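So you can see what is in the structure, the chains are spelled out below.
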Amino acid sequence: MNSPVSLAKQGDVAVISVDNPPVNALSQAVRAGLISCLLSAEQDDAIKAIVIHCHGRTFIAGADISEFGKPPLTPHLPEVLAKIDACAKPVVAALHGNVLGGGFEVALSCHYRLAVKGTKLGLPEVTLGLIPGAGGTQLLPRIAGVERALTMITSGKPALAESLVDCGVIDQLLEKSSTDDLLTQVISYAQELIKQNKGVRPTSQLDVGKTSYALDTFVKWRTKLSKKARGQQAPQCCIDSIENATLLPFKEGMLKERAMFVTCRDSSQSRAMRHAFFAERKAAKLPTPSADNPDLPALNIDAVAIIGAGTMGGGIAMCFAKAGISVKLLEMSEENLARGIKAIRERYNQALKRGLMTETQLENCMALIQGTCDYQDLTDVDLVVEAAFETMAVKQQIFSKLDEVCKADVILASNTSYLDINEIAKATNRANKVLGMHFFSPANIMKLLEVVRADATDEQTIKTVMALGKKIGKITVAVNVCYGFVGNRMYACYGREANLLLLEGASPEQIDNAMHKWGMAMGPLAVNDMSGIDIAYKARQENPNLPDDPAYFQAANLMVEAGRLGQKTGAGFYQYDKETGRRIADEKVLAIFHEQANSLNIRQRDDITDEEIQNRLIFALINEGANILSEGIATRASDIDVIWLNGYGFPRHLGGPMCYADEVGLDKVVATIKEYQQQLGDQYWQPAPLLLELISQNKKLI
Ligand code: 3HC
């Protein structure tokens with residue numbers, strides 16, 4: 001078999017080239033190839049310096065993640081790095097694209113590093129529940145200092161090559177050019193090294209620089225990350241390992257790093273985070289036969305219209321403008337339009353203040369958004385996203401109007417969170433061009449986009465919108481029609497249990513604290529207060545299939561009926577301090593729930609534990625996820641996880657509800673559901689048939 005690594009000679013410079021598309025990951029063949037080429041170059045007396053470079057769009061973007069979880073194959077990466085570090089001839093890295101993880105570690109072990117401007121370098125292992133496992137925590141502090149290493153390694157965020165010159169990571173920046181040109185420039189650099197008799201510079205022999213960080217640095221970082229990366233073990237291991245670099249000889253630090261890497265790699269947290277990585281990439285691919293059909297390309301979307309300049313419509317407009325797509329924003333009155341556009345500018349201003357965009361970028365985005373109150377201005381757009389009131393009658397009226405004025409091949413999307421897209425499509429004469437684009441609030445920030453395929457939506461329409469989602473930086477998941485689609489239908493089960501527990505005697509803060517402790521970004525009642533309790537209340541009124549249960553979301557209904565809509569009215573499940581906006585527990589709501597429980601004959605208990613809260617909410621989610629899967633509303637179990645990780649604050653280190661169910665064990669999940677069935681009745685608690693089937697076949701969800 002041909003090796004993905006080859007060796008060529010350019011005078012007295014050896015060029016080791018890696019060619020392992022798509023991202024030159026460090027598979028076993030690449031590791032073996034690097035060692036063998038390095039040895040040949042070292043043994044060749046005519047060779048005085050060595051260059052390592054990569055074909056294609058990027059330098060090595062990391063270890064081959066798909067190899068993790070399988071039996072490890074030799075040679076291991078630290079062996080490759082040790083050979084580079086100890087090489088008797090100077091080794092120069094030619095960097096472009098993404099230099100990540102093991103790829104960055106290879107670069108750090110080279111004696112010199114040159115990078116094309118715009119190259120991204122980083123150690124993203126922590127985002128996969130890992131620590132760098134081939135010397136990242138020992139090499140980076142030796143070159144760039146402890147603080148820089150802590151920042152890069154614990155965040156996992158890549159940095160631009162331009163920002164890594166001062167700290168010594170990059171020796172020279174090169175102008176953007178083709179990879180061939182990069183190679184020519186790096187070979188001349190190597191020749192210059194030979195000419196000037198500049199030799200090797202093993203990173204392992206550099207000193208960490210004891211004065212470059214304060215004594216309490218590591219304590220401070222541990223405290224900071226115990227909050228920021230709550231419940232995750234890898235960030236703390238990263239800190240431990242970087243601290244080792246300051247305390248131990250290089251070889252010992254390396255051995256300890258490897259041991260921690262292996263422990264993390266074999267942990268459920270890393271399995272979950274690696275699952276999330278592949279699940280997000282899989283979700284973007286349509287599982288249909290025509291998905292890769294070149295005769296059915298995604299259409300170009302150069303101009304869009306948004307109907308409704310409220311919070312949602314404004315946020316959606318911002319997403320398109322940020323991606324350079326022009327937007328017509330339609331409102332019913334000049335007054336509403338002016339308010340909507342002002343709010344957009346304010347939101348961009350916040351991004352400017354936080355350093356997320358420049359003034360020029362802000363003005364460019366604003367220039368791309370044009371307001372109108374006239375449907376006739378929408379005749380030329382390629383896509384319309386409707387973000388108006390959540391009632392079927394309003395939506396059908398809008399779609400009928402759009403059908404009348406828009407060009408023949410326009411795509412018409414609704415941002416509805418719950419409603420039946422098939423019914424909306426009936427208001428048009430082009431149901432094949434109608435679908436849902438369900439953004440999450442705040443739409444300019446949240447990564448998730450549910451793309452809802454209605455019965456008549458054609459393949460090209462779905463394909464176009466999936467591609468567009470990627471272009472505007474969203475993680476897109478295709479789903480089918482049902483009330484609430486995947487995310488909100490599951491969320492209704494999760495919220496239902498929180499509401500029932502309130503009537504059974506749990507307090508809002510007990511529920512929120514239990515779920516926060518479990519790992520959710522926020523508790524369900526705090527989320528409800530933030531987004532407005534009236535929104536789901538109104539949606540329930542449009543739900544044709546509400547369960548026959550007077551206790552169903554009764555706690556939330558009572559809040560709305562008492563005028564407690566959440567933060568916007570200063571009170572909801574909690575009270576909010578007028579000055580600071582701080583959340584305060586409110587005895588009054590407990591009294592309301594107590595009274596309601598009495599009238600509904602619900603016994604209030606004082607023995608509700610955190611574990612009961614966590615299990616009831618999470619197992620309700622899992623059970624509904626399994627139903628959604630067997631009904632074909634979601635295509636893959638992993639798609640459900642992607643939705644929960646990116647739209648609902650599900651902790652990434654637990655991988656999403658489906659991955660978590662597999663980790664707990666489906667038999668245990670079903671046993672607990674059956675217990676609730678006994679205790680609470682079977683209106684809500686019946687094990688999903690799919691779970692029973694998978695258990696009987698000894699299979700898992702993922
Ligand atoms: N291993 C295996 N497959 C990988 C991979 C990796 N490190 N990185 C990317 N891929 C695959 C993707 O799954 C995808 O496959 P598919 O086409 O079959 O779905 C394909 O390569 C292209 O990836 P993207 O769709 O993500 O391409 P983009 O151009 O959008 O992004 C990227 C490129 C920025 C390199 C992105 O893929 C990425 O972030 N990759 C992961 C980088 C990473 O985490 N590296 C660290 C690995 S752990 C490590 O190195 C441990 C070491 O310390 C020992």
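Residues numbered from 1 in each chain as written. Predicted model: local features only at pLDDT ≥ 70, side-chain atom pairs only at ≥ 80, totals over all residues. Heavy atoms only, no water.

This brings us to the sheet that holds strand β5 (residues 98–100). The mixed open sheet is built from three strands, whose spatial order is β5-β7-β8. Looking at strand neighbours, the two that pair on one side only are β5 and β8 (159–160), the edges of this open sheet. Note: strand β7 (residues 120–122) against β8, two bridges, orientation antiparallel. Residue pairing in the sheet places K120 in a bridge with L160 of β8. Contacts from helix α3 (residues 102–109) reach β5 and β7 within the one sheet, and its direction differs from that of β5 by about 85°. (Pairing = 2+ DSSP bridges. Helix = DSSP H or I, 4+ residues; strand = E, 2+ residues; numbered from the N terminus. Contact = heavy atoms within 4.5 Å. Axes fitted to C-alpha atoms, helices over the stretch in contact; angles between N-to-C directions.)

Below, the discussion takes up unusual backbone geometry. Residue P22 is reached from P21 by a cis peptide bond, and omega for that bond is 5°. Along the chain, P22 turns up in the loop between β2 (13–18) and α1 (28–43). Residues T74 and P75 are joined by a peptide bond in cis, for which omega reads -5°. Of note, N24 is a non-glycine position whose phi angle comes to about 55°, a positive value. As for its placement among the helices and strands, N24 is situated in the loop between β2 and α1. Accessibility expressed as a relative area gives 2% for N24, which makes it buried. (Buried < 20%, exposed > 50% of the residue type's maximum accessible area, 1.4 Å probe, protein only.)

On to the site of the ligand. Around the ligand lies a shell of 23 residues, among which R57, A63, E125, R281 and K285 are the nearest. Within the backbone of A63, an N or O atom sits 2.8 Å from a nitrogen atom of the ligand. Take R281: an N or O atom from its side chain is 2.6 Å from an oxygen atom of the ligand. Residue assignment for the shell around the ligand shows that the elements contributing at least two residues are β5, α3 and α10 (268–283). Among the elements that make up the shell around the ligand, the one with the highest residue count is α10 (three residues). Taken together, the residues that form the shell around the ligand break down as 12 nonpolar, five polar and six charged. (Near = heavy atom within 4 Å. Polar contact = N/O pair within 3.5 Å; in protein donor to acceptor, adjacent residues only side chain to side chain. Nonpolar A, V, L, I, M, F, W, Y, C, P; charged D, E, K, R; others polar.)

Take the domain arrangement of the protein next. When the parts of a complex come together, some accessible area is lost, and that lost area is often taken as the interface size. We note that the domain assignment places domain 1 (5–265), domain 2 (303–483) and domain 3 (488–632 + 665–696) within the protein. Computed over C-alpha atoms only, the centres of domain 1 and domain 2 are separated by 43 Å. (Domains from an automatic or database assignment.)

Side-chain pairs of opposite charge can arise where the charged atoms are in close proximity. Inspection of the entire model under this criterion finds 35 salt bridges. For the salt bridge of R339 with E335, the shortest nitrogen-to-oxygen distance reads 3.8 Å. One end of the pair, R339, and the other, E335, are both in helix α12 (residues 334–353), four residues apart, so they sit about a helical turn from each other. Of the two residues, R339 and E335, both sit in the exposed class. As a salt-bridge pair, D639 and R636 come within 3.1 Å of each other at their nearest N and O atoms. The pair formed by D639 and R636 is uniform in burial state, with each residue classed as buried. Overlapping salt bridges bring together R496, E497, E504, R605, D607, E612 and R616 as one network. (Salt bridge = Lys/Arg side-chain N within 4 Å of Asp/Glu carboxyl O.)

Below, the discussion takes up the side chain of T119. Note on placement: T119 falls in the loop between β6 (112–116) and β7. Given the relative accessible area of 2%, T119 is considered buried. At 2.5 Å, the side chain of T119 forms a polar contact with the backbone oxygen of V116.

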